[in-house]
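Understanding the architecture of this molecule
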Amino acid sequence: MPPGFQILLRLDQERLLSRWRLWRRRPADLLVALALLSGLLFGLFQFFSAQAHDNHPIWAYSAALVYIAVRQLYPSARSAYAQSLLRGPFFHLISDPHQRRLWFALRTAALCLPLGLMLLGFQTVLAPRDLGLWGLGAVLGLGAGMLSALMPPLFAAEASAHANRVPLAALAPLWCRLRHKRLWLPGGLLIIGIPLATHLALSNNPEPQTGLGLFGIGSALLAVLLCPVSGELTQFMRWQPGTMVRTLTQTALAPFVLWLGLCLLSLLISGAPLKDGLMILLALGAAVGVLILWTFLTRFSHTPATADWVLGIDLAVTALLAVLALPAALLWLAVRLILLMRRVRRERWRPSQP
Amino acid sequence: MAAQPALRCEDLCVDIAGKRIVKSVSLSLAPGQWYGILGVNGSGKTTLLNSLCGRLPVAQGRIWLGDEEVTATPQRRAALWGYAPPPDSLPPALTPQVLLALVAESRQSQVPDDPALLEALDYHALRHKMIGTLSAGQKQKIALMCAFVGEPRRIILDEPFNWLDPLAIYALKNCLTQRAREGALILTALHDVSSFMTRCDAGVLLADGEIKRGFSSDDLSEGRKDIAAFEHMLYASLRPA
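This write-up is about the structure you can find in this document. Nothing here was measured: the structure is a model prediction, and the numbers come from that model.

It is worth spelling out the overall build of chain A at this point. Looking only at helices and strands, one finds 14 helices and zero strands in chain A. A total of 354 residues make up chain A; the buried ones form 24% of that total. Contacts in chain A between residues far apart in sequence, at least 24 positions, make up 76% of those at least 6 positions apart.

At the junction of the two partners, chain B supplies 20 residues and chain A supplies 19 residues. If you list the elements that add at least two residues to the side of chain B that touches chain A, you get helix H2 (74-80) and helix H3 (96-106) of chain B. Of all the elements, H3(B) adds the most residues to the side of chain B that touches chain A, at five residues. Of the residues assigned to the side of chain B that touches chain A, the class counts are 14 nonpolar, four polar and two charged.

Quick look at the pairing of strand S4 (residues 60-65) of chain B now. Residues and elements named next belong to chain B. In this structure, strand S1 (residues 7-16) lies alongside S4, joined through five bridges in antiparallel fashion. Within S4, the position partnered with Glu 10 by the bridge is Arg 62. Of the strand pairs in this sheet, S4 and strand S5 (residues 68-69) are connected by two bridges, and their pairing is antiparallel. Considered in S5, the bridge of Leu 65 is made with Glu 68. In textbook terms, the turn of a hairpin is the stretch between consecutive antiparallel strands, and for S4 and S5 this stretch comprises two residues, one of which, Gly 66, has a positive phi near 65°.

So, on to the environment of Ala6(B). By secondary structure assignment, the location of Ala6(B) is in the segment before S1. Between the C-alpha atoms of Ala6(B) and Ala184(B), which are 178 residues apart in sequence, the distance is 8.7 Å.

Now for helix H3 (residues 58-73) of chain A. The first and last C-alpha atoms of H3(A) sit 23 Å apart over 16 residues, in line with the 22 Å expected at 1.5 Å per residue. Among all positions in H3(A), only Ile58(A), Trp59(A), Ser62(A), Ala63(A), Leu65(A), Val66(A), Tyr67(A), Ala69(A), Val70(A) and Leu73(A) are buried.

All names here are of chain B. With their axes 10 Å apart at the nearest point, H3 and helix H6 (residues 136-147) run at an angle of 20° to one another. For the element pair H3 / H6, the angle class is roughly parallel. The element H3 and its partner H6 pack so that their crossing is right-handed. For the pair H3 and H6, contact is made by Pro 96, Leu 99, Leu 100 and Val 103 and by Ile 142, Met 145 and Cys 146, respectively. In terms of residue class, the contact of H3 with H6 is built from seven nonpolar, no polar and no charged.

So, about the sheet that holds strand S8 (residues 185-190) of chain B. Residues and elements named next belong to chain B. Spatially, the six strands line up as an open sheet ordered S6-S7-S8-S3-S9-S10, and their pairing is mixed. In this open sheet, the two strands that pair with only one neighbour each are strand S6 (82-83) and strand S10 (210-215). Of the pairings in the sheet, the one linking S6 to strand S7 (residues 154-158) comprises two bridges and is parallel in character. Each bridged residue has a counterpart across the sheet, and for Gly 82 the counterpart in S7 is Ile 155.

So, on to the packing of H3(A) against helix H6 (residues 131-150) of chain A. All names here are of chain A. It is at 7 Å that the axes of H3 and H6 come closest, and there the two elements cross at 25°. Taken together, the axes of H3 and H6 lie roughly parallel to each other. The way H3 lies across H6 gives a crossing that is right-handed. Judged by residue contacts, Trp 59, Ala 60, Ser 62, Ala 63, Ala 64, Val 66, Tyr 67, Val 70 and Arg 71 of H3 engage Leu 133, Trp 134, Gly 137, Ala 138, Leu 140, Gly 141, Leu 142, Ala 144, Gly 145, Met 146, Ser 148 and Ala 149 from H6. Its residues placed into classes, the contact of H3 with H6 shows 15 nonpolar, five polar and one charged.

Another aspect to go through is unusual backbone geometry. Residues and elements named next belong to chain B. For Asp 122, which is not a glycine, the phi torsion comes out positive at approximately 55°. Inspection of the secondary structure puts Asp 122 in the loop between helix H4 (115-120) and helix H5 (123-126). Classification of Asp 122 as buried rests on a count of 20 C-beta atoms within 10 Å. We note that Trp 163 has phi near 70°; this positive angle belongs to a residue other than glycine. As for its placement among the helices and strands, Trp 163 is situated in the loop between S7 and helix H7 (166-181).

Residues and elements named next belong to chain B. The strand order S2-S1-S4-S5 describes an open sheet built from four strands, whose pairing is antiparallel. The open sheet has two free edges, formed respectively by strand S2 (19-29) and S5, since each of these has just one partner strand. Pairing geometry for S1 and S2, over seven bridges, is antiparallel. Along S2, the bridge assignment pairs Arg 8 with Ser 28. Across the sheet, helix H1 (residues 45-52) is in contact with S1, S2 and S4; its angle to S1 comes to roughly 115°.

Rules used in this analysis
Residues numbered from 1 in each chain as written. Chains lettered and ligands numbered in written order. Predicted model: local features only at pLDDT ≥ 70, side-chain atom pairs only at ≥ 80, totals over all residues. Helix = DSSP H or I, 4+ residues; strand = E, 2+ residues; numbered from the N terminus. Buried ≥ 20, exposed ≤ 12 C-beta atoms within 10 Å, placed from the backbone. Contact = placed C-beta atoms within 7 Å. Nonpolar A, V, L, I, M, F, W, Y, C, P; charged D, E, K, R; others polar. Pairing = 2+ DSSP bridges. Expected span 1.5 Å × (residues − 1). Axes fitted to C-alpha atoms, helices over the stretch in contact; angles between N-to-C directions. Parallel < 35°, antiparallel > 145°, perpendicular 65-115°, else oblique. Left-handed = near helix turned anticlockwise from the far one by under 90°.

In structure tokens, the structure reads:
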């Protein structure tokens, strides 16, 4: 290994160690991260298991995942990592472009190793006969990911629009919000808890209503957590150059889409009836969407003075939902749980005869 | 026989995104001096310095460091200069001590141990803190420390006094003067006219990527006799025509 790479390797090791020391001081964050990771692994395994059960080629899914991971991890010239190396004190180590590409490729391969091993494990357990194809797919995914990361962007950004040059800059307000520590614990618990609780309820009860109810309530709570339009952020965005549609996208629609994506994922992982689950999501999505638009257009619109009566109606709608919807949902859940417990007790005491 | 220039460039042009930023700059700088580059924002100071130390490719012209032509070898240019990187490019998750040890290792040298420099840049107080938690001025001090790793004979500093407190500025000026007296070439881009007038041994005024006016050590010595008139002349020269 060239001596420059050893220094870069040590630099990355020091970065990791430093992050680990920081995390060690915050065990709650570490627990949430581990819980999120295990939830993700569980979901992925469920998905692969279902696909293997239907005789679908799961090695192709592995190759696609490896491609996506490599595409995201290989540092583009604009990435923070590449920028810190190109502008920072270690520039002379990678000033040669060939050396730089080789180092980036080695680093990406090393970072993708845990994912590769996990996918290999899934393949070995679920469909060992396709291991050769899996290896081919993984290598092709790795190569294609690096090649596409090296390709120049299709559309050159305008030189003046600096923000547009940063990948996913439009989602920056969403990332800022998700980084907020108060959201980590409840958000992480909900993301793991919704599919798990739905799956357990469905597997222990022949009628799907309890599972679907848990899914609906969990999705509603996740919406409460993710979707409110942030007053401060909207006020700030009003002073930034951009249209009202852009402000709405960044402050409201992006969190809404994230919520919808997470709920759909939960639905798929939990194995709940798709049609009923989608109906619940449609109803919830319509309600949440209307509330978001209502809040945005009334309280944070670009018109300078909002009439008092508009704010009053807004408050009344929110209060009505809070007063009626949540207790009703809790009552419904309590009734379902009582019924479920009674059924379990009855069947245990008087098991049905064949 | 005159000393060999520590840096020589002829007809140097640098482009960024297809636009010519530095236009036909020629310099011949002897070792043992503090050379200042003065100019308004967008005049091409940083681009010129970045191309000299290998961070940007040369579009046209030639560069020599000592008797070695380094126009086509940016990695060699980068290795031969002590360079203070932009403070925001420092890895936030490391401590200054770890960072400087790695920089020293990459340059196969030692972390600077000059007590005056360490005191000027407050190194002992900062070395165990995370870079990400430091203020802008403290990060600037650590970035400046990087330039002195390995006792380089050529040092490039881009606006080194930004964000520093008055005590650090004064101590750093003394350190730079001392290094120049010991034979190093200190090349700095400056916005601070008073430092240019009172501390630099020579310099140029850059406007729109071109050298608008050069100042020899005699010019600067002459100017220091009537500081007010010299300052007035410099500000008048800085204004666009």
